[in-house]
Amino acid sequence: MLKSALFGRKKTAATPFAEFYNNWFQTLSSTLLPQLRCALSSLAAPPALLSIHVEAMHHHLQSYYNALDEAAAADVALCLCPDWRNSLEKPFLWLADLHPYLFTNLLRSFLNDQSSSSSSDADSSAGGDDQETQPWPVAAAWRSPSKVLTMRVDQIECGLRLMAPALAARGREAQANLVRDVGAEWEGKEGVRAAVEAEMEELVGVVVDANRLRRSVLADVLSVTNVYQAALFLEAVATFLVGFRDEDLLQEFEDCERPININININININSTE
Amino acid sequence: MRRTASQPLLRHFLEDDEFVEHLKPFRDVDPLTRQLSCISLPKRDSKKSCEEFWCEKYGAWRQEQRSGAAKLKKQLKARWAIQKLIDEQLGRYKAHYGRAMGPTKMSDVAELLMPKWAPPHEAAAVFWLGDWRPSTVLELLRSIARSLDVWDPVGVERALSHLINDVRNEEAVIDEEMTEVQSNCVLHLPFGRAQNDPNWPGLRSEFRKVHRVIVKAQNLRIKALEMVVKKVLNQSDAAEFLVAYMGIQDVINEITTKFKTRNAVLVPLKNS
């Protein structure tokens, strides 16, 4: 039912999702992110122009989640084990994409950075260097966030904490239902095939709902922030996404032979002294 | 002569002729003689022959006992052989799950979570953090227990319910830990908000956290399987379960491998 709803639209062209994703990523890293950064650092840029870039970026992210819905309807299993994602990205995927908490944690970090830097009265936060070169409205975007904004962020987080675990539970229950069906008569292959197909259908719903959650968190964040705050937030999201595909970092990551699970205590001690 | 209470019942099972034939020895023999013949006391005329008689009797008894013990020994050997096979099978699962404990590079973590050896549909259908979800294995056992005709179905069902509950709770704790890493990586990865941090410690430390989660998941898989095989089921049920589990893994693998070739991911390209 879900599949037919998603595929009811007329298809003009058919592209493997991996190809779509590469094109989408290229647009993000080569066009939209540089444009947004340029608008953020421009002293003369009016808020209306910044708003256009914010909208473009938001639309780009939404279009990705729409396409991911369709990819899930076509083959949810490939979305859950995506071959278009590299080894650096895969461990951080939850139901086919980034965890929705990631967006609220990022938002929270803007709020917390500001409160910590204002309390210490020292510009030592991560974005400190940038703020010196940024025009005043951008640099001040997250200073003294309103109580209303803090309250709305709390509300978004609260909603997420209710919905995300429920989605994970649905995925788990779908797996349990499969083995309940299969366990009794597992030698009848047709029955097993039907049970797996039924589970895939349920998982399509789970992934589509996870995407809906991610889309709605992004939309909520943009609705509670002003244009400067939204621009900085989306710039951080896009920078994070692009970072996963940084060629130098990826090369270094792939070439690194040092095991991560040996001399863990020594490494922790070294890190804590740095 | 009055019949004893058992006679009508006995007659119920025998035809009339058979019944009469059956009673004949009891009618012909005096009860006292019958009793004595049962004891079979040896005659007192020869002490030697008496001893020989007892020796023979004792020898025959010993022989029967020996033969019984030999049969038991054979059965015990069969049980030990089954136990050995069960342990070997468990050992293979342990070795498979334990591969995460060996030296692991950062780039190996993705392979542990989404192994290339598993068809994507199999992974989606039954996997959690890189292999069969422990509570799913237990649910599977609950389902096949009916067809296995287990020795104590009520006891097994009760024990499984408790175990599934406990394992699900442990899965939830591990999920929580993974969620923590996945939702905070935006703050800790070198290209996240903490861009001024040195690259490698941030990246390595995030992958180390993910690896710890995987190791916990693998340990839970081993624990769940051991609990089922060693605590919940008796030996023969455990052996049957391991056979059925392997069979089901094979069937799901075979079916989902075909899924992969049948379904292509085709979506319309959208110009954003």
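Residues numbered from 1 in each chain as written. Chains lettered and ligands numbered in written order. Predicted model: local features only at pLDDT ≥ 70, side-chain atom pairs only at ≥ 80, totals over all residues. Heavy atoms only, no water.

- Under an unreviewed UniProt entry, the name given to chain B is DOG1 domain-containing protein, and the organism recorded is Salvia divinorum.

- Under an unreviewed UniProt entry, the name given to chain A is Protein INAPERTURATE POLLEN1, and the organism recorded is Salvia divinorum.

**Concerning the overall build of chain A**
So, point 1. Looking only at helices and strands, chain A has 12 helices and 1 strand in total.
So, point 2. Carbon together with sulfur atoms contributes 54% to the accessible area of chain A, which is approximately 12500 Å² in total. (Helix = DSSP H or I, 4+ residues; strand = E, 2+ residues; numbered from the N terminus. Areas by Shrake-Rupley, 256 points an atom, 1.4 Å probe, with all protein chains shown as cover.)

**Topic: the interface of chain B and chain A**
So, point 1. Taken together, the contact pairs 76 residues of chain B with 79 residues of chain A.
So, point 2. Interface of chain B and chain A: buried area, both sides summed, is about 7400 Å²; carbon and sulfur atoms make up 65% of it.
So, point 3. At the boundary of chain B and chain A, one finds 4 salt bridges.
So, point 4. Counting the contacts that link chain B with chain A gives 19 residue pairs in polar contact (both at pLDDT 80 or more). (Contact = heavy atoms within 4.5 Å. Buried area = accessible area lost by both parts, 1.4 Å probe. Salt bridge = Lys/Arg side-chain N within 4 Å of Asp/Glu carboxyl O. Polar contact = N/O pair within 3.5 Å; in protein donor to acceptor, adjacent residues only side chain to side chain.)

**Let's talk about the packing of helix H3 (residues 47-74) of chain A against helix H10 (residues 227-243) of chain A**
Residues and elements named next belong to chain A.
So, point 1. In contact at an axis separation of 10 Å, H3 and H10 are set at 40 degrees when each is read in the N-to-C sense. The pairing of H3 with H10 is recorded here as oblique in orientation. The interaxial crossing formed by H3 with H10 has left-handed handedness. On H10, the residues touching Pro47, Leu50, Ser51, Val54, Met57, His58 and Leu61 of H3 are Val227, Tyr228, Ala230, Ala231, Leu234, Val237, Ala238 and Leu241.
So, point 2. Class assignment of the residues belonging to the contact of H3 with H10 gives a composition of 13 nonpolar, 2 polar and no charged. (Axes fitted to C-alpha atoms, helices over the stretch in contact; angles between N-to-C directions. Parallel < 35°, antiparallel > 145°, perpendicular 65-115°, else oblique. Left-handed = near helix turned anticlockwise from the far one by under 90°. Nonpolar A, V, L, I, M, F, W, Y, C, P; charged D, E, K, R; others polar.)

**Section: unusual backbone geometry**
So, point 1. Phi at A:Ala96 is positive, roughly 80 degrees, even though this residue is not glycine.
So, point 2. One can find A:Ala96 in the loop between helix H4 (76-80) and helix H5 (100-120).
So, point 3. Unlike most non-glycine residues, B:Leu129 shows phi in positive territory, near 50 degrees.
So, point 4. Within the secondary structure, B:Leu129 is located in the loop between strand S1 (127-128) and strand S2 (131-132).

**Section: the side chain of B:Glu206**
So, point 1. Structurally, B:Glu206 is set in helix H9 (residues 199-232).
So, point 2. Of the polar contacts made by the side chain of B:Glu206, one reaches the side chain of B:Lys209; its length is 2.7 Å.
So, point 3. Dropping the residues within four chain positions of it, B:Glu206 is found in contact with A:Phe92, B:Val181, B:Cys185, B:His188 and B:Leu189.

**What about the pattern of salt bridges?**
When the charged atoms of two side chains lie near each other, side chains of opposite charge can form a pair.
So, point 1. Throughout the structure, instances matching the rule amount to 27 salt bridges over all chains.
So, point 2. Across the pair B:Glu206 and B:Lys209 runs a salt bridge, and its minimum N-O distance is 2.7 Å. Of the two residues, B:Glu206 and B:Lys209 are both situated in helix H9; the distance of 3 residues between them amounts to about one turn of the helix.
So, point 3. Among the charged side chains, a network of salt bridges with common partners joins A:Glu173, A:Arg180, B:Glu139, B:Arg142, B:Glu157 and B:Arg168.

**Some words on the confidence of the model for chain A**
All names here are of chain A.
So, point 1. In this model, chain A carries a mean pLDDT of 84, and residues with pLDDT of at least 70 account for 81%.
So, point 2. Contacts of residues 4-13 to residues separated by more than four positions or lying in other chains number 14 contacts, the stretch itself having pLDDT below 50.
So, point 3. Counting interchain partners and residues more than four positions distant, the pLDDT-below-50 stretch residues 120-129 has 7 contacts. (pLDDT = per-residue confidence, 0-100.)

**With respect to the nonpolar core**
So, point 1. Formed by 153 residues in total, the largest nonpolar core has its most connected members in A:Phe233, B:Trp132 and B:Phe241.
So, point 2. Considering every element that reaches this core, the biggest residue donor is helix H9 (residues 189-224) of chain A, with 16 residues.
So, point 3. Each residue touching B:Trp132, except ones within four places of it in the same chain, is listed here: A:Val179, B:Glu122, B:Val126, B:Phe127, B:Val137, B:Leu140, B:Arg221, B:Tyr245, B:Ile248, B:Gln249 and B:Ile252. (Core = buried A, V, L, I, M, F, W, Y, C linked by side-chain atoms within 4.5 Å. Buried < 20%, exposed > 50% of the residue type's maximum accessible area, 1.4 Å probe, protein only.)

**Looking at the state of the cysteines**
All names here are of chain A.
So, point 1. The full count for this structure, using the stated rule, is 0 disulfides over all chains.
So, point 2. Left unpaired, Cys79 is separated from the closest cysteine sulfur, that of Cys81, by 9.9 Å.
So, point 3. Judged by relative accessible area, Cys79 falls into the buried class, the value being 0%. (Disulfide = S-S within 2.5 Å.)

**Quick look at the confidence of the model for chain B**
The predicted coordinates ought not to be read in detail in places where the model reports low pLDDT.
Residues and elements named next belong to chain B.
So, point 1. Per-residue pLDDT for chain B has a mean of 82; in total, 75% of the residues score no lower than 70.
So, point 2. Contacts from residues 1-16, a stretch scored under 50 in pLDDT, to residues over four places away or in other chains number 9 contacts.
So, point 3. As a predicted assembly, this complex carries a pTM of 0.80 together with an ipTM value of 0.85.

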